[in-house]
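Given next are the chains, with one letter for each unit.
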Amino acid sequence: MSTNNSVLVLKVGGALLQCEMGMARLMDTAAAMLANGQQVLMVHGGGCLVDEQLAANGMETVKLEGLRVTPPEQMPIIAGALAGTSNKILQGAATKAGIVSVGMSLADGNTVSAKIKDERLGLVGEVTPKDGAYLKFILAQGWMPICSSIAMMDDGQMLNVNADQAATALAKLVGGKLVLLSDVSGVLDGKGQLIRSLNGKQIADLVKQGVIEKGMKVKVEAALEVAQWMGQAVQVASWRDASQLIALAKGEAVGTQIQP
Ligand SMILES: Nc1ncnc2c1ncn2[C@@H]1O[C@H](COP(=O)(O)OP(=O)(O)O)[C@@H](O)[C@H]1O
Ligand SMILES: CC(=O)N[C@@H](CCC(=O)OP(=O)(O)O)C(=O)O
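Residues numbered from 1 in each chain as written. Chains lettered and ligands numbered in written order. Predicted model: local features only at pLDDT ≥ 70, side-chain atom pairs only at ≥ 80, totals over all residues. Heavy atoms only, no water.

Spelled out, the test is: UniProt positions are given in the numbering used here, feature names are shortened, and annotations may be inferred rather than shown by experiment.
The name that an unreviewed UniProt entry assigns to the protein chain is Acetylglutamate kinase, with the source organism given as Shewanella glacialipiscicola. Within the UniProt record for the protein chain, the comment given under Catalytic activity (unreviewed entry) is "N-acetyl-L-glutamate + ATP = N-acetyl-L-glutamyl 5-phosphate + ADP". The record held by UniProt for the protein chain lists under Function (unreviewed entry) the comment "Catalyzes the ATP-dependent phosphorylation of N-acetyl-L-glutamate."

So this is what it looks like as structure tokens:
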């Protein structure tokens, strides 16, 4: 099991929240890591829960290159689904696994700076690292922060941040090792086969060919940014795959390695 000093930043995608067994397995893995002295920071999405909540309120989901267009009238529902329901579902699973967690969002503790990313996307945020004191305090207690991707501007306006991009900013802030866990075993090629390793040039080619698209495009670009920042590979793997979780806990490479 990995015992290095760096923080493990685990980002989990929203589909996990609809899989009781997946959550239990992941939290058991995290509990074992924490018991071993590994600091773990969990960052989560919840895109599918947002889709459901918007539909239940008669609202439409529009995405542009993997990012949700966020009109002001949708913000309360999106914040409720991400900072509320998704965050608390995960906290419940963590608690059940014996983990002491702190549910939080990007808006807490002066952790990041947030601004509007692109006017065409509405209230979608772009965040940069600001102050790591709050997170470091939580981590130093052996507790696990569980962070949603709702951020806030200086004027108090809430913003919706893509959760992979949220994880990017937090990984940079704590100088952590980033692992992006999704519902697929990693980046897949045109034939559905797992690609073990990718560099920036290969990513650009696969995006151009349309092999990497939507949420995965956002994900690999976020991964590449951190890989280059940290000078070490970022992993894209699956929370679904029990063997990948075991390998991850041992500090082994899993899924796709996004190379700096
Ligand atoms: N080349 C690819 N390899 C794997 N998944 C891909 C690829 N291109 C697009 N995708 C899609 O990206 C999804 C993962 O991105 P996303 O839905 O944002 O995940 P998450 O919610 O876990 O962050 C996959 O479920 C798949 O539908
Ligand atoms: C701006 C933007 O796209 N925000 C995302 C935030 C949640 C997310 O990223 O969830 P997943 O990790 O499950 O995809 C959204 O509203 O869906």
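That was the structure; now back to the text.
Focus on the site of ligand 2
To be explicit about the condition: When we say a residue is near a molecule or strand, we mean one of its heavy atoms is within 4 Å of it. N or O atoms within 3.5 Å of each other form a polar contact, as long as, within protein, one can give a hydrogen and the other can take it, and as long as residues adjacent in sequence are counted only when both atoms are side-chain atoms. All accessibility values rest on the Shrake-Rupley procedure with a 1.4 Å probe; residue burial counts only the protein chains present in the view.
Taken together, 15 residues lie around ligand 2, and Lys 11, Gly 14, Arg 68, Asn 160 and Ala 163 are the ones closest in. Within the side chain of Lys 11, a nitrogen or oxygen atom sits 2.6 Å from an oxygen atom of ligand 2. At a separation of 2.9 Å, an oxygen atom of ligand 2 approaches a polar backbone atom of Ala 163. Compared with its free state, where it exposes 430 Å², ligand 2 has 91% of that area covered by protein.

Notes on the UniProt feature "binding site: substrate" (unreviewed entry) in the protein chain
For clarity, the cut-off: The helix and strand labels rest on DSSP assignments: H or I over at least four residues marks a helix, E over at least two residues marks a strand, and numbering proceeds from the N terminus. Contacts are residue-level and defined by heavy atoms, with any inter-residue pair within 4.5 Å sufficient. Any residue under 20% of the maximum accessible area for its type is buried, any over 50% is exposed, and the rest in between are partly exposed; the area is computed with a 1.4 Å probe on protein chains only.
The feature "binding site: substrate" (unreviewed entry), as given by UniProt, occupies Gly 46, Gly 47, Arg 68 and Asn 160 in the numbering adopted here. Taken along the chain, the residues just named run across 115 residues; in space they keep tight, none of their C-alpha pairs more than 11.8 Å apart. Positionally, Gly 46 belongs in the loop between strand S2 (40–44) and helix H2 (47–56). Setting aside residues no more than four positions away along its own chain, Gly 46 makes contact with Gly 14, Leu 17, Leu 82 and Ser 86. With respect to the helices, strands and loops of the structure, Gly 47 is situated in helix H2. Look at Gly 47 and you get partly exposed, because its relative accessible area is 27%.

Quick notes on the site of ligand 1
Quick reminder of the rule: Polarity classes work like this: nonpolar for Ala, Val, Leu, Ile, Met, Phe, Trp, Tyr, Cys and Pro, charged for Asp, Glu, Lys and Arg, and polar for all others, with Gly in that last group.
As a matter of local geometry, ligand 1 sits amid 16 residues, with Lys 11, Ser 182, Leu 188, Val 211 and Lys 219 nearest to it. Here a nitrogen atom of ligand 1 and a backbone polar atom of Leu 188 are 2.9 Å apart. For ligand 1, a nitrogen atom lies 3.3 Å from a polar atom in the backbone of Glu 213. Look at ligand 1: alone it shows 570 Å² of surface, and the protein chains cover 72% of it. Of the residues forming the shell around ligand 1, the biggest block, three residues, is contributed by helix H7 (residues 214–230). Grouping the constituent residues of the shell around ligand 1 by class yields six nonpolar, five polar and five charged.

Quick look at the side chain of Gln 235
Within the secondary structure, Gln 235 is located in strand S13 (residues 234–238). Those residues in contact with Gln 235, other than ones at most four positions away along the chain, are Lys 177, Leu 178, Val 179, Leu 180, Leu 248, Glu 252, Ala 253, Val 254, Thr 256 and Gln 257.

Topic: the packing of aromatic side chains
The condition that has to hold: In this scheme Phe, Tyr and Trp rings, the latter by its six-membered ring, pair at centre separations within 6.5 Å, and the angle between planes marks the pair as stacked below 30 degrees, edge-to-face above 60, and tilted otherwise.
This model, assessed by the stated rule, comprises one aromatic pair. Here the aromatic rings of Phe 137 and Trp 143 are separated by 6.4 Å at their centres, their planes lie at 85°, and the arrangement is edge-to-face. For Trp 143, a relative accessible area of 32% puts it in the partly exposed group.

What about the nonpolar core?
Heads up, the rule is: Buried residues of nine kinds, namely Ala, Val, Leu, Ile, Met, Phe, Trp, Tyr and Cys, make up a nonpolar core once their side-chain atoms join them within 4.5 Å.
Formed by 52 residues in total, the largest nonpolar core has its most connected members in Leu 41, Leu 106, Leu 170, Val 187 and Ile 258. Looking at this core, the element that brings in the most residues is helix H5 (residues 163–174), giving seven residues. Grouped together as the second largest cluster of nonpolar side chains are 29 residues, Leu 17, Ala 93, Ile 99 and Leu 181 included.

A closer look at the packing of helix H1 (residues 20–35) against helix H3 (residues 75–96)
Condition: Fitted lines through C-alpha atoms give the axes, limited to the stretch in contact for helices. The angle between two N-to-C directions lies from 0 to 180 degrees. Here is the rule for angles: anything less than 35 degrees is roughly parallel, anything more than 145 is roughly antiparallel, 65 through 115 is roughly perpendicular, and the remaining ranges are oblique. Two helices that cross are described as forming a left-handed crossing if the nearer one is turned anticlockwise from the farther one by less than a right angle, and a right-handed crossing if clockwise.
Two numbers describe how H1 lies on H3: the axes approach to 9 Å, and their chain directions differ by 55°. One finds that H1 runs oblique with respect to H3. Every pair of crossing elements has a handedness; the one defined by H1 and H3 is right-handed. Between H1 and H3, the contacting residues are Glu 20, Met 23 and Met 27 on the first element and Ile 89, Leu 90, Ala 93, Ala 94 and Lys 96 on the second. For the contact of H1 with H3, the per-class residue count stands at six nonpolar, no polar and two charged.

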